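Given next are the chains, with one letter for each unit.
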Protein chains: 2
Amino acid sequence: MNSVAWSLHPQLAKDTVELGDLVLSRVLVIKDANYPWLLVVPRRPGIVEIIDLDEIEQAQLMVEIVRVARALKAVTQCDKLNIAALGNAVPQLHVHVIARRKTDKAWPKPVWGVAEPLDHDFAELDRFMHAMKKKLWVS
Amino acid sequence: MNSVAWSLHPQLAKDTVELGDLVLSRVLVIKDANYPWLLVVPRRPGIVEIIDLDEIEQAQLMVEIVRVARALKAVTQCDKLNIAALGNAVPQLHVHVIARRKTDKAWPKPVWGVAEPLDHDFAELDRFMHAMKKKLWVS
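The paragraphs below set out a description of the structure included in this document. What you see is a predicted model, and the numbers here were worked out from it, not measured in a lab.

1. A look at the relation of the copies chain B and chain A
Link 1 in the chain: With an RMSD of 0.0 Å, chain B superimposes on chain A once it is rotated by 180 degrees and translated 0.0 Å along the axis. Such a combination of turn and shift is consistent with a two-fold rotation axis. Of every C-alpha in chain B, the one belonging to B:A84 sits nearest the axis of rotation, 2.0 Å from it.
Link 2 in the chain: When the interface residues of chain B are mapped onto chain A, 100% of them again fall at the interface, so both copies present the same face.

Written out as structure tokens, the structure reads:
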């Protein structure tokens with residue numbers, strides 16, 4: 001058992017809106033309207049790398065990444081999914097699940113560092129989050 | 001059963017040296033001495049996304065990513081692992097497993113598109129591959 005409670009890293013909290021919790025992970029939306037961009041963050045304290053999770057958690061993380069990626073693809077009808085655990089700037093393990101379009105600002109490059117974050121239109125973000133929550137069965 | 005045989009995408013074949021096969025995936029070394037940089041490529045024809053694999057293959061892919069990442073961390077003593085399935089340029093599903101150092105050319109940015117690929121020193125690559133093969137139990 002972990003004696004320390006998990007909490008979301010302040011930088012991730014600042015950069016995202018909460019979508020909901022799966023069994024292992026919190027699912028978040030990055031505040032950047034350039035791309036439909038989610039984070040999957042295992043709610044386990046002190047975890048930096050996927051290899052720091054135990055085997056059961058690793059298997060569950062894959063299940064949740066796939067669940068989020070399938071929902072994102074269904075909702076956005078994107079051309080490509082980009083899935084990545086980098087964490088060079090923010091150490092708390094977080095997996096990016098990004099819907100890429102051949103017309104987006106960074107294509108075909110990875111999204112990091114290419115375009116300044118763009119504010120969401122509130123109504124559009126609300127529709128996206130509602131559709132994602134429905135697909136993910138989170139309320 | 002798949003009626004079409006799997007083969008490595010020509011671009012991936014051009015950019016890599018083969019390390020060996022795990023149960024599901026071929027493990028390759030990217031020809032770029034800037035970073036210890038591996039690819040994990042499931043040997044399944046026609047697969048573009050992780051969500052295209054079936055559940056058993058997804059679970060096995062996670063097992064193999066973790067196995068490769070642990071070996072890479074042990075061999076390189078790196079500061080951070082970067083793990084990513086992007087595939088915007090080459091459609092065949094391939095997972096990057098990269099050993100990052102705080103002193104490498106791209107840190108803290110992702111590696112893609114930052115530095116021109118650097119030729120390996122043959123003896124150094126040979127030592128790295130030998131150490132990786134031993135850790136991965138591939139001959």
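Once the structure has been displayed, the description carries forward.
2. Re the packing of aromatic side chains
Link 1 in the chain: Under the definition given, this model contains four aromatic pairs over all chains.
Link 2 in the chain: Aromatic pair A:Y35 and A:W37: ring centres 5.9 Å apart, planes at 70 degrees, arrangement edge-to-face.
Link 3 in the chain: Look at A:W37 and you get buried, because its relative accessible area is 9%.
Link 4 in the chain: An angle of 85 degrees between the planes, with centres 6.4 Å apart, marks the rings of B:W37 and B:W112 as edge-to-face. Of this pair, B:W37 sits in strand β3 (residues 37-42) while B:W112 sits in the loop between β5 (95-100) and α3 (122-136); the two residues are 75 residues apart in sequence, bridging distant segments of the chain. For the pair B:W37 and B:W112, a shared accessibility class is recorded, and that class is buried.
Link 5 in the chain: Each residue in the set A:Y35, A:W37 and A:W112 is aromatic and connected to the rest through ring pairs, giving one cluster.

3. Considerations on the packing of helix α2 (residues 55-76) of chain B against α3(B)
Residues and elements named next belong to chain B.
Link 1 in the chain: Where α2 contacts α3, the axes come no closer than 9 Å and their chain directions differ by 135 degrees. In terms of orientation, α2 lies oblique with respect to α3. Considering how the two elements wind past one another, α2 and α3 form a crossing that is right-handed. Of the residues in α3, those touching α2 at R67, V68, A71, L72, A74, V75 and T76 are F128, A131, M132, K135 and L136.

4. Comments concerning the packing of helix α2 (residues 55-76) of chain A against α2(B)
Link 1 in the chain: Interaxial distance between α2(A) and α2(B) falls to 9 Å at its minimum, and their mutual angle equals 120 degrees. The orientation of α2(A) relative to α2(B) falls into the category oblique. Between α2(A) and α2(B) the crossing geometry is right-handed. Counting all contacts with α2(A), which are made through A:Q58, A:L61, A:M62, A:V66 and A:R70, the residues of α2(B) involved are B:Q58, B:L61, B:M62, B:V66 and B:R70.

5. Looking at the interface of chain B and chain A
Link 1 in the chain: Taken together, the contact pairs 27 residues of chain B with 27 residues of chain A.
Link 2 in the chain: When the two sides are added together, the surface that chain B and chain A hide from each other amounts to roughly 2600 Å², 63% of it contributed by carbon and sulfur.
Link 3 in the chain: Looking only at chain B, the three residues that lose the most surface to chain A are B:I51, B:M62 and B:N88, adding up to 27% of its buried area.
Link 4 in the chain: Taken together, the links from chain B to chain A amount to two salt bridges.
Link 5 in the chain: Where B:E49 meets A:K80, a salt bridge forms, and the shortest distance between an N and an O atom there is 2.9 Å.
Link 6 in the chain: For the pair chain B and chain A, the number of links is 16 residue pairs in polar contact (both at pLDDT 80 or more).
Link 7 in the chain: Of all the secondary structure elements, the ones that give two or more residues to the side of chain B that touches chain A are α2 and β4 (80-85) of chain B.
Link 8 in the chain: Take the side of chain B that touches chain A: its biggest share by element is seven residues, from α2(B).
Link 9 in the chain: In terms of residue class, the side of chain B that touches chain A is built from 17 nonpolar, four polar and six charged.
Link 10 in the chain: Relative to β4(B), strand β4 (residues 80-85) of chain A is paired through three bridges, and the arrangement is antiparallel. When the sheet's bridge partners are listed, A:A85 is paired in β4(B) with B:I83.

Rules behind the numbers
- Residues numbered from 1 in each chain as written.
- Chains lettered and ligands numbered in written order.
- Predicted model: local features only at pLDDT ≥ 70, side-chain atom pairs only at ≥ 80, totals over all residues.
- Heavy atoms only, no water.
- Least-squares fit on C-alpha atoms with pLDDT ≥ 70 in both.
- Contact = heavy atoms within 4.5 Å.
- Phe/Tyr/Trp six-rings, centres within 6.5 Å; stacked < 30°, edge-to-face > 60°.
- Buried < 20%, exposed > 50% of the residue type's maximum accessible area, 1.4 Å probe, protein only.
- Helix = DSSP H or I, 4+ residues; strand = E, 2+ residues; numbered from the N terminus.
- Axes fitted to C-alpha atoms, helices over the stretch in contact; angles between N-to-C directions.
- Parallel < 35°, antiparallel > 145°, perpendicular 65-115°, else oblique.
- Left-handed = near helix turned anticlockwise from the far one by under 90°.
- Buried area = accessible area lost by both parts, 1.4 Å probe.
- Salt bridge = Lys/Arg side-chain N within 4 Å of Asp/Glu carboxyl O.
- Polar contact = N/O pair within 3.5 Å; in protein donor to acceptor, adjacent residues only side chain to side chain.
- Nonpolar A, V, L, I, M, F, W, Y, C, P; charged D, E, K, R; others polar.
- Pairing = 2+ DSSP bridges.

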